[in-house]
Amino acid sequence: MIPLSWYLMLSAVLFSIGVFGFLLKRNIITIFMSIELMLNAVNLSFVAFANYWNTHPQMLPSGARMVPLSGHVFVFFVMVVAAAEAAVGLAIIISVFRTRETLNVDRVNLLKL
Amino acid sequence: MVHQVLFIVFGLICVAGAINLLVQRHPISSALSLVVVMASLALIYLLLGAEFVAAIQVIVYAGAIMVLFVFVIMLLNAGAEERTRGSRIALLVGVPGVVVLAGTVGWLLVTGSQQLGGVTIGATNFGDTHTIARFLFRDFLLPFEITSVLILIAIMGAVVLGKKEN
């Protein structure tokens, strides 16, 4: 038995590191990777809670109907959206680099050239 | 006992990789430490009995998405990050905000951990591909089909954005 709070704690630590990276890093690719880290942290809580509700159905609020394993299916959808986001985001990064010749977000502060 | 030791080991590797992502100045080093984070997260998913999620974590995240990142880093020949003075507001408001947020979440988890109880490990027939597929193609069929449209739109958007303007 591993306490559920350990998983949630790890998830919170990873999410906070992701937010720190988002705020402190200046390279647009690293900022993007911090977003992926945050998505991973949320996925961990989804899987932990899926396991928790599956093994402790008596803890559900009365009258609540839950599809078992919906946490896993949500992780699947999060990954699909993350993949789509990575494809579009990296294409945007490439087109920004083509016009600005830089990856530093402080130099990309205007909407027009 | 073994499960707890494994969780602590891979959780520490996970956090160390995430911190290394912040510390490294070169994007390729950050990308490789993110791969470490994702691989150890996959092992933590296995500890939770989520075989399918662990597999797609390695295949989709550590495989496809990170290869895309590394590919773009190499394509753009991205060098080490230059130190520029960024937005002051992000530093003055954002960082203390994150600290307060993380502290609150941690405090809630520590105080509430008694009510949360434990997660059983290694439940049989839980999270394998067969069971997931039954729910995915029955209860979540419409969202699943919509994601395929989403992927199609993302591909078209990437092609349009990446095309050279004449």
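Residues numbered from 1 in each chain as written. Chains lettered and ligands numbered in written order. Predicted model: local features only at pLDDT ≥ 70, side-chain atom pairs only at ≥ 80, totals over all residues.

S.K.: Mind showing me how you'd approach the overall build of chain A here?
M.R.: Along chain A, the regular secondary structure elements total three helices and one strand. When the elements of chain A are put in sequence order from the N terminus, they spell out β-α-α-α. Here the C-alpha radius of gyration of chain A, 19 Å, is well above what a compact globule of 113 residues would show, namely 13 Å. Considering only C-alpha atoms, chain A reaches an extent of 60 × 25 × 20 Å along its principal axes. Within chain A, the proportion of its 113 residues that are buried is 49%. Contacts in chain A between residues far apart in sequence, at least 24 positions, make up 56% of those at least 6 positions apart. (Helix = DSSP H or I, 4+ residues; strand = E, 2+ residues; numbered from the N terminus. Rg over C-alpha atoms; globule rule 2.2 N^0.38 Å. Buried ≥ 20, exposed ≤ 12 C-beta atoms within 10 Å, placed from the backbone. Contact = placed C-beta atoms within 7 Å.)

S.K.: How do you make sense of the packing of helix H1 (residues 2–23) of chain B against helix H2 (residues 27–47) of chain B when you look at a structure like this?
M.R.: What describes two packed helices is the angle between their axes and the distance between those same axes. Residues and elements named next belong to chain B. H2 packs onto H1 with a crossing angle of 160 degrees between their chain directions and a minimal axis gap of 8 Å. Here H1 lies roughly antiparallel to H2, going by the angle between them. For the element pair H1 and H2, the recorded crossing hand is left-handed. Residue-level inspection shows His3, Leu6, Phe7, Phe10, Gly11, Ile13, Cys14, Gly17, Ala18, Asn20 and Leu21 of H1 in contact with H2, the latter providing Ser30, Ser33, Leu34, Val36, Val37, Ser40, Leu41, Leu43, Ile44 and Leu47. The class makeup of the residues in the contact of H1 with H2 is 14 nonpolar, seven polar and no charged. (Axes fitted to C-alpha atoms, helices over the stretch in contact; angles between N-to-C directions. Parallel < 35°, antiparallel > 145°, perpendicular 65-115°, else oblique. Left-handed = near helix turned anticlockwise from the far one by under 90°. Nonpolar A, V, L, I, M, F, W, Y, C, P; charged D, E, K, R; others polar.)

S.K.: What is the right way to read helix H3 (residues 70–100) of chain A from this model?
M.R.: Structural remark: α-helix, 3.6 residues per turn; residues separated by three or four positions point the same way. Taking 1.5 Å per residue as the helical rise, H3(A) with its 31 residues ought to reach 45 Å, and the 43 Å between its terminal C-alpha atoms agrees with that figure. Glu101(A) sits one or two positions beyond H3(A) and adopts a positive phi of about 60 degrees. (Expected span 1.5 Å × (residues − 1).)

S.K.: Would you mind going over unusual backbone geometry with me for this structure?
M.R.: In most cases, non-glycine residues show a negative phi, while peptide bonds are predominantly trans. Residues and elements named next belong to chain A. Here the phi dihedral of Glu101 falls at roughly 60 degrees; this positive angle occurs in a residue that is not glycine. Its place among the elements puts Glu101 in the segment after H3. By the C-beta count within 10 Å, which is 9 here, Glu101 ends up exposed.

S.K.: Looking at this structure, how should I read the interface of chain A and chain B?
M.R.: Accessible area lost during the coming together of the parts is what is often quoted as the interface size. Taken residue by residue, the interface counts 62 residues in chain A and 73 residues in chain B. For the side of chain A that touches chain B, the secondary structure elements donating two or more residues are strand S1 (2–3), helix H1 (4–24), helix H2 (28–55) and H3 of chain A. The greatest single-element share of the side of chain A that touches chain B, amounting to 20 residues, is contributed by H3(A). Residues of the side of chain A that touches chain B, tallied by class, amount to 45 nonpolar, 13 polar and four charged.

S.K.: Where do I start with the nonpolar core in this structure?
M.R.: Grouped burial of nonpolar side chains is what soluble globular proteins tend to show. Ile29(A), Leu37(A), Val47(A) and Tyr45(B) are the most contacted members of the largest nonpolar core, which totals 67 residues. The set of elements that each furnish at least two residues to this core consists of H1, H2 and H3 of chain A together with H1, H2, helix H3 (51–76) and helix H6 (141–162) of chain B. A total of 12 residues in this core trace back to one element, the largest contributor, which is H2(A). Excluding its chain neighbours within four sequence positions, the residues that come into contact with Ile29(A) are Ile93(A), Leu103(A), Pro27(B), Phe69(B), Val72(B), Ile73(B) and Ala78(B). (Core = buried A, V, L, I, M, F, W, Y, C linked by C-beta atoms within 7 Å.)

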